[in-house]
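# Topology and contacts: notes
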Amino acid sequence: RERIAQLARSSAAQKLRELLEQQSGQVRQAAQQAAAGDPSQLMEIMGQLMHSKEGAALVDRIGAQAKQAGLG
């Protein structure tokens, strides 16, 4: 749990949250739809994020940090 908490507090995770907050209304609605069984809008937002240079780099950094922490 502590490793996950540390990862969530990392600068990469914070920057990723900032990017997602810029689309907060869309993310909330997409999360609600995904919880109701339709993940398509959430997948579209993640696709847009992964196609941006900054978003892809952040996801890669978070993935590397997770592996270093023994989470991956």
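Please refer to the structure placed before this passage.
So, a few notes on the structure that sits alongside this text. Fair warning: this is a prediction, and the values are worked out from it, not measured in the lab.

### Quick notes on the packing of helix 2 (residues 11-21) against helix 5 (residues 53-68)
- It is at 9 Å that the axes of helix 2 and helix 5 come closest, and there the two elements cross at 145°. The hand of the helix 2/helix 5 crossing is left-handed. Where helix 2 approaches helix 5, its residues Ser11, Ala12, Ala13, Lys15, Leu16 and Leu19 are matched on the opposing element by Glu54, Gly55, Leu58, Arg61, Ile62 and Gln65.
- Tallied by class, the residues present in the contact of helix 2 with helix 5 amount to six nonpolar, three polar and three charged.

### Considering the nonpolar core
- Leu7, Ala12, Ala13, Leu16, Leu19, Leu49, Leu58, Ile62 and Ala66 form the largest nonpolar core, which has nine residues in total.
- For this core, the secondary-structure elements that each account for two or more residues are helix 2 and helix 5.
- The leading source of residues in this core is helix 2, at four residues.
- Excluding residues within four positions of it along the chain, isoleucine 62 makes contact with Leu7, Ala12, Ala13 and Leu16.

Definitions and limits used
Residues numbered from 1 in each chain as written. Predicted model: local features only at pLDDT ≥ 70, side-chain atom pairs only at ≥ 80, totals over all residues. Heavy atoms only, no water. Axes fitted to C-alpha atoms, helices over the stretch in contact; angles between N-to-C directions. Helix = DSSP H or I, 4+ residues; strand = E, 2+ residues; numbered from the N terminus. Left-handed = near helix turned anticlockwise from the far one by under 90°. Contact = heavy atoms within 4.5 Å. Nonpolar A, V, L, I, M, F, W, Y, C, P; charged D, E, K, R; others polar. Core = buried A, V, L, I, M, F, W, Y, C linked by side-chain atoms within 4.5 Å. Buried < 20%, exposed > 50% of the residue type's maximum accessible area, 1.4 Å probe, protein only.

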